[in-house]
Amino acid sequence: MDAAVNNGEIENGIRGKGSIKEVLILLLASTVLYQLGLSVLVYIAPLMTYAVKHGKLKAALLMLVELLVISGIELIKGGVPEIGNPQSLISFALCLYFPLSLSAAGIVWLYASGKRVAQRIVLSLIPFVVISAIYIVPFAVDRALLAETYSLYNDAFASLVGPIMEPLVGEFDWSIMFTTVMLTIFSILLPTMAVAVCATCFIYETAKHSKESGWEERVRRFSFGSNAIWFLIGAWALVLLNYFISTPAYVPVILLNIALTSVVLFACEGFSVLYVNVWKKRHEVKSMQLFLVLVIIAMLIPGLNILIIFGLPLMGVLESFFDMKKIGVTNEDYS
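Cut-offs and rules
- Residues numbered from 1 in each chain as written.
- Predicted model: local features only at pLDDT ≥ 70, side-chain atom pairs only at ≥ 80, totals over all residues.
- Heavy atoms only, no water.
- Helix = DSSP H or I, 4+ residues; strand = E, 2+ residues; numbered from the N terminus.
- Expected span 1.5 Å × (residues − 1).
- Buried < 20%, exposed > 50% of the residue type's maximum accessible area, 1.4 Å probe, protein only.
- Phe/Tyr/Trp six-rings, centres within 6.5 Å; stacked < 30°, edge-to-face > 60°.
- Arc of directions from axis to C-beta.

**Q** Just checking my understanding: could you explain helix H9 (residues 174–187) for this structure?
**A** Count 3.6 residues to each turn of an α-helix, and residues three or four apart come out pointing the same way. In this model, H9 (14 residues) spans 20 Å end to end at C-alpha, consistent with the 20 Å of a helix rising 1.5 Å per residue. Three or more residues of H9 are buried, namely Trp-174, Phe-178 and Ser-187.

**Q** What is the right way to read the packing of aromatic side chains from this model?
**A** Within a pair of aromatic rings, the relevant descriptors are the distance that separates the centres and the angle that separates the planes. Evaluation of the coordinates by the stated rule reveals 8 aromatic pairs. Ring centres 5.7 Å apart and planes at 45° place the aromatic pair Tyr-97 and Phe-128 in the tilted group. On the criterion of sequence distance, the pair formed by Tyr-97 in helix H6 (residues 97–111) and Phe-128 in helix H7 (residues 117–141) is long-range, its members being 31 residues apart. Under the relative-accessibility criterion, Tyr-97 is labelled buried at 15%. Classification of Phe-128 as buried rests on a relative accessible area of 6%. With a centroid separation of 4.9 Å and 80° between ring planes, the pair formed by Phe-222 and Phe-224 is classed as edge-to-face. Pair check on accessibility: Phe-222 and Phe-224 agree, each one buried. Linked through ring pairs, Tyr-97, Phe-128 and Tyr-135 together constitute an aromatic cluster.

**Q** How should I be thinking about helix H12 (residues 229–242) in this particular structure?
**A** Between its first and last C-alpha, H12 extends 20 Å over 14 residues, near the 20 Å set by a 1.5 Å rise per residue. When we look at burial in H12, the residues that qualify are Ile-229, Leu-232, Ala-235, Val-239 and Asn-242. Looking straight down H12, one finds its buried side chains confined to an arc of 165°; they lie on one side. Turned more than 90 degrees away from the buried face of H12 sit Trp-230 and Leu-240, all of them exposed.

Laid out in structure tokens, this is it:
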């Protein structure tokens, strides 16, 4: 009996050490992805895969731990914000804007299992919208704070871009360019988050289901349904209509966010179409292999990356009108 108890304790100890090692590896991988440019879009993917073996709650807790790690990194890089200095607090909060939003999206995706893909994507984007609204509140309440923050970042932009551009264009009102850049950034916030959610959750779902015999077929059959095209058409119709009527500056920003998000969603369907056509020629190709190839091309090869950015949504849109897959089955939305 004593020997059995001792053996059980030793086994539990080994498992505990193995679990700690796995956690540290995943945290390290996530932190590295967070630091490497565009890979920040999928930085929580390793943490989500922890849910495959250990459950949703532990994976969610792991994402919260990673948020603390990222907070520490940002504090080291930018210094501890001063309590009496709102600008330093704002700068720190902005650094956590995307990590906080993507972590919340990942947790929602885990707990929305069982729902259809379109529903899970929408639910995962809701925390981002809520967090964005929370970030806007202080500026909406305190216009002086908004003006001060705008002036601070405008000056920083001018000091950064001015020395580079002035030899080419001469004197220029950099506030105009700064405003244009900021409006552009605000217009792509939601679609950028949609890209991050779709890419991250595809990696997670592949890790979860890759050993299942029907997973690759599910990817090939993926579709949002023929009615989804009306979402894209309606969104872009509103964007076009906005050019003919006078609206506050925030209205076109909101409309562009929605319209570009619809493009991202159809890019997901376009990926499925592309995978079907690649699979027809080479049955051994896996969806994750194709995904990684596209990511590498999009990040590293100028010209071809533009083809991918515009080509995938186009294929997704065309699939709504034509059976571009032609695999002899009705397309379904698998969750």
